[in-house]
Amino acid sequence: MERRLAAIVCADVAGYSRMMGADEAGTHATFKAHRTAIYPIILNHGGRLVKNTGDGFLLEFPSIVGAIEAAVAMQMMMAERNHHLPTDRVMQFRMGIHMGDVMADEDEVFGDDVNIAVRLESVAAPGGVAVSGKAYGEAGKRLSVPFIDAGPHRFKNIEEPVSVWSWEPEGADHRSREARDPANLPAQYRTAIVGVLPFANLSESADEYFSDGLTEDLIHALSLQSFYRVLSRNSTFSFKGKNLSTRLIAREIDASYLIQGSVRRAGSKIRVTAELIAPENGEQLWTGRYDRDMGDLFAMQDEITTSLSAAIAAEIYRAEASAPPRPSSNDLTAWDRFLKGLSYYYLQTKADFETSIGLFREAIALDPTLSIARAYLATIMMQSIQFGWIKSTRELWTTAMDLAESSVRLDPRSSFAFQIVAYLHALEGHHEVSMDAANRAVGLNPYDMGARGVLGFCYFYAGDHRQAIELISMAAQRGNSDPRYQWAGVNAFAHYLVGQYDASLSWAREQLYLNPNHLQALAIRAAALAQLGRAEEATNATEVLLHNYPSFTVERHLSNFHWKRPDDIAHYRDGLLKAGVPSTRLTLVESAPKLAADS
């Protein structure tokens, strides 16, 4: 293996997957024609083609000046070739250039300096060139065109920031480029991009319709989430049957995450496997397997789609929360602050909740239109009260309701925004309003288990506990990893109110595994134990409750419950009193001594 100093040029076509989706044969033919036209420029500047990369190519030059001049000349020629074409047929290259020590083996080149050239191509403007500061400094004043200092950029898997110098042809439409640049879009749209690749059919060809149908249903289900964007069927089905790396596919369609899977049938049973991938480094973020009986085919397909979308959506939220900020600038945007707040929220401790609340507030202050930050802030405020971490006040409730309702106004397509509105109205005892909002949430995204669970919560508050248990249990089974929802605690109450005290106790314990200080779980545990006649355990549970919350009383606790049925309140009060929880706190007031009458 040989080592040598070389200048590397990496190029690809901006929007190539969109063009392929519209006209596969025409796009491929146009790309080949452009590549043939610019090939003499490469040779005239001493370069060689290392390899083609589907929608681009990798070049090696012995001189950095030759590499930069060749790239500029190629882009000028491309601008001329595109000049008279309609917008939908314009093909623009992005080029990145770096220089350094490379390893050469059988005409291929490898090494970190090659990787930097690849990263630079991703920040080049369509029709433009991005050059590393190292390469630009070496070329110096020998360049015939001016470059602009684009500042330092941080790239994934590259330890040190890379300074970037950029060039675009004269007359480039900066306004249209800025409109296309995700960094200039409103904050709520600078989100992850998800691509669902066609699920592979591992059975006979007659089952192809099922794997394709499942893929299409999953694209639809995931697209109903407002947290990220999902690429259309046309963007991903062009890769069906092609043996391409996920990294190359992600680059072509500009995807942050890829989902791929397979379908296999054996007799009357079907197995679906799926995985969520971060394509930049190939990391598998999540994998799942679903074995089902064929039965009613459409019902089975819908059930698998629901389970898949619930699991994948939660993992994308979690992955985005732990990802570093995307912009190269040191100034965090509202979206970055929201994601940072989300990362603290997932840690689920009191201190992290406080940090998360502060970051969500900062995000809203920077961008008052950021609907999802408002919905999360309302959610975390209510959870902090339930966990006993902040004091419940009328001002806090009003703030949370204002946040939730403004979230709906800002994003009326958000199922999550309607969920928090429904939840808060249920807690306030506005049963009809809460049911309307919950049904709206389910209608906006029937695949969202959170929406189904919140609908169950509204049924619970309205007194229909059997329906509540069915919906909440379904949500707990399919979406249990999402900390926005505390299904175990609600299920503990619902089972208690139908007299299933053992089940209530089991759900309360599950909630306490997640948060040992959960106020309501501690209370319902004591009540359930008392109703089961386990007096000693109930007394111990009450001692734990009062140790954590010394001012806790039955009447103060129940004043926050707005259940529709008075007998539900009476039933819960009975259990708490049997457990030895004090009804009220008696304050002893020392009376003034009586004065002797004047004689």
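Predicted, not measured: the structure shown is a model, and the values here were computed from it.

Enquirer: Explain the nonpolar core residue by residue, including any values.
Expert: In this structure, Phe199, Tyr228, Leu308, Phe338, Leu342 and Tyr572 are the most contacted members of the largest nonpolar core, which totals 133 residues. Among the elements that line this core, the one with the most residues is helix α10 (residues 297-322), at 11 residues. Look past the residues within four positions of Phe338 in its chain and what remains in contact with it is Phe227, Phe360, Ala363, Leu370, Ile372, Ala373 and Tyr376. One finds Ala71, Met78, Val131 and Phe147 within the second-largest nonpolar core, a separate group that totals 36 residues.

Enquirer: Just give me the short version of a nonpolar patch on the surface, but keep the residues and values in it.
Expert: Judged by side-chain polarity, Tyr39, Leu43 and Leu49 come together as a nonpolar surface patch covering roughly 260 Å² of accessible area. On the secondary structure map, Tyr39 appears in helix α2 (residues 24-44).

Enquirer: Break down the side chain of Ser132 for me, with residues and values.
Expert: Mapped onto the elements, Ser132 comes out in strand β6 (residues 129-132). Excluding residues that lie within four positions of it along the chain, Ser132 makes contacts with Ile97, His98, Leu120, Val162 and Ser163.

Enquirer: So what about the environment of Val454? Which residues, and what values?
Expert: Mapping Val454 onto the fold places it in helix α17 (residues 449-462). Measuring from C-alpha to C-alpha, the distance between Val454 and Ala438 comes to 6.4 Å, with 16 residues separating the pair along the chain. Sequence-distant contacts of Val454, defined by excluding residues within four places in its chain, comprise Gln419, Ala422, Tyr423, Ala438, Tyr485 and Trp487.

Enquirer: Got a sec to walk through helix α13 (residues 371-386)? Specific residues and values, please.
Expert: Look at α13: 23 Å from first C-alpha to last across 16 residues, which is about the 22 Å you get at 1.5 Å a residue. Of all 16 residues making up α13, 16 are buried, and the element is well covered by its neighbours. Just downstream of α13, Gly388 is the residue with a positive phi angle, here 80°.

Enquirer: Pulling in residues and values, what's your account of the pattern of salt bridges?
Expert: Following the criterion strictly, the structure yields 18 salt bridges and no others. Ionic pairing is found between Glu2 and Arg4, a salt bridge with its closest N-O pair at 3.0 Å. As a salt-bridge pair, Arg4 and Glu60 come within 2.6 Å of each other at their nearest N and O atoms. Pair noted here: Arg4 is in strand β1 (residues 2-13) and Glu60 is in strand β3 (residues 56-61), with a separation of 56 residues, a long-range link.

Enquirer: Tell me about the packing of helix α20 (residues 501-514) against helix α21 (residues 519-531), residues and numbers included.
Expert: Remark: α20 packs on α21, axes separated minimally by 9 Å, with the N-to-C direction vectors making an angle of 155°. Taken together, the axes of α20 and α21 are roughly antiparallel relative to one another. Here α20 and α21 pass one another in a crossing that is left-handed. Residues Tyr501, Ser504, Leu505, Ala508, Gln511 and Leu512 of α20 form the contact with α21, whose participating residues are Ala521, Leu522, Ile524, Arg525, Ala528, Leu529 and Gln531. Classifying every residue of the contact of α20 with α21 by side-chain character gives 9 nonpolar, 3 polar and 1 charged.

Enquirer: Tell me about helix α22 (residues 535-548), residues and numbers included.
Expert: Along its 14 residues, α22 runs 20 Å from first to last C-alpha, staying within 8% of the 20 Å computed at 1.5 Å per residue. Within the sequence span of α22, burial applies to Ala538, Ala541, Thr542 and Leu545. Down the axis of α22, the buried side of the element spans an arc of 100°, and every buried residue falls inside it. Turned more than 90 degrees off the buried face of α22, the exposed positions are Glu536 and His547. Those residues of α22 hidden inside the fold are in contact with α21.

Enquirer: Which residues make up the pairing of strand β12 (residues 257-266), and what values go with them?
Expert: Moving residue by residue along a regular strand, the side chains alternate between the two faces of the sheet. Where strand β9 (residues 193-196) meets β12, 3 bridges bridge the pair, whose relative direction is parallel. Its bridge partner being in β12, Val194 is matched across the sheet by Tyr257. Bridge count between strand β10 (residues 200-201) and β12: 2 bridges; the pairing is parallel. What sits directly across from Asn201, in β12, is Val263. The loop that links β12 with its antiparallel partner strand β13 (residues 269-278) comprises 2 residues; one of these, Gly267, has a positive phi angle of about 65°.

Enquirer: Hey, could you go over unusual backbone geometry for me, with residue numbers and the actual values?
Expert: At Gln348, a residue that is not glycine, the phi angle is positive and equals roughly 55°. Considering the arrangement of structural elements, one finds Gln348 in the loop between α11 (334-345) and α12 (350-366).

Enquirer: So what about the confidence of the model for the chain? Which residues, and what values?
Expert: On average, residues of the chain carry a pLDDT of 83, and 90% of them reach 70 or more. Within the chain, no element has a lower average pLDDT than helix α6 (residues 174-180), which sits at 38, and none a higher one than helix α24 (residues 566-578), at 95.

Enquirer: Explain the pairing of strand β4 (residues 93-105) to me, using residue names and the numbers behind them.
Expert: Of all 13 residues making up β4, 10 are buried, and the element is well covered by its neighbours. The pairing of β1 with β4 spans 12 bridges and is antiparallel. Looking at β4, one finds that Val9 is bridged to Ile97. In the sheet, β4 pairs with β6 via 3 bridges, with the strands oriented parallel.

Enquirer: Please provide a residue-by-residue account of the environment of Ala6, values included.
Expert: Here Ala6 shows up in strand β1. Expressed as a C-alpha distance, the spacing of Ala6 and Met99, which sit 93 residues apart in the sequence, is 5.7 Å. Excluding residues within four positions of it along the chain, Ala6 makes contact with Glu60, Phe61, His98, Met99, Gly100 and Val102.

Enquirer: For the packing of aromatic side chains, give the residues involved together with the corresponding values.
Expert: Going through the model one piece at a time under the given rule, you end up with 31 aromatic pairs. Note on Phe338 and Tyr376: the rings are 5.6 Å apart at their centroids and 65° apart in plane angle, and the pair reads as edge-to-face. Note that Phe338 is positioned in helix α11 and Tyr376 in helix α13, a separation of 38 residues in sequence. Judged by relative accessible area, which is 0%, Phe338 ranks as buried. On the numbers, 6.5 Å between centres and 55° between planes, the contact of Phe460 with Phe493 is tilted. One end of the pair, Phe460, is in helix α17; the other, Phe493, is in helix α19 (residues 487-497), with 33 residues separating them in the sequence. Members of the aromatic cluster, each reached through a chain of ring pairs, are Trp335, Phe338, Tyr345, Tyr346, Phe353, Phe360, Tyr376, Phe387, Trp389 and Phe416. Seen from the ring of Phe416, Arg484 lies directly overhead, with NZ or CZ sitting 4.4 Å from the centre.

Calculation criteria
Residues numbered from 1 in each chain as written. Predicted model: local features only at pLDDT ≥ 70, side-chain atom pairs only at ≥ 80, totals over all residues. Heavy atoms only, no water. Core = buried A, V, L, I, M, F, W, Y, C linked by side-chain atoms within 4.5 Å. Buried < 20%, exposed > 50% of the residue type's maximum accessible area, 1.4 Å probe, protein only. Helix = DSSP H or I, 4+ residues; strand = E, 2+ residues; numbered from the N terminus. Contact = heavy atoms within 4.5 Å. Patch = residues over 30% accessible without salt bridge, like charges linked within 9 Å, V, L, I, M, F, W, Y side chains within 5 Å. Areas by Shrake-Rupley, 256 points an atom, 1.4 Å probe, with all protein chains shown as cover. Salt bridge = Lys/Arg side-chain N within 4 Å of Asp/Glu carboxyl O. Expected span 1.5 Å × (residues − 1). Axes fitted to C-alpha atoms, helices over the stretch in contact; angles between N-to-C directions. Parallel < 35°, antiparallel > 145°, perpendicular 65-115°, else oblique. Left-handed = near helix turned anticlockwise from the far one by under 90°. Nonpolar A, V, L, I, M, F, W, Y, C, P; charged D, E, K, R; others polar. Arc of directions from axis to C-beta. Pairing = 2+ DSSP bridges. pLDDT = per-residue confidence, 0-100. Phe/Tyr/Trp six-rings, centres within 6.5 Å; stacked < 30°, edge-to-face > 60°. Lys NZ or Arg CZ within 6 Å of the ring centre and 35° of its normal.

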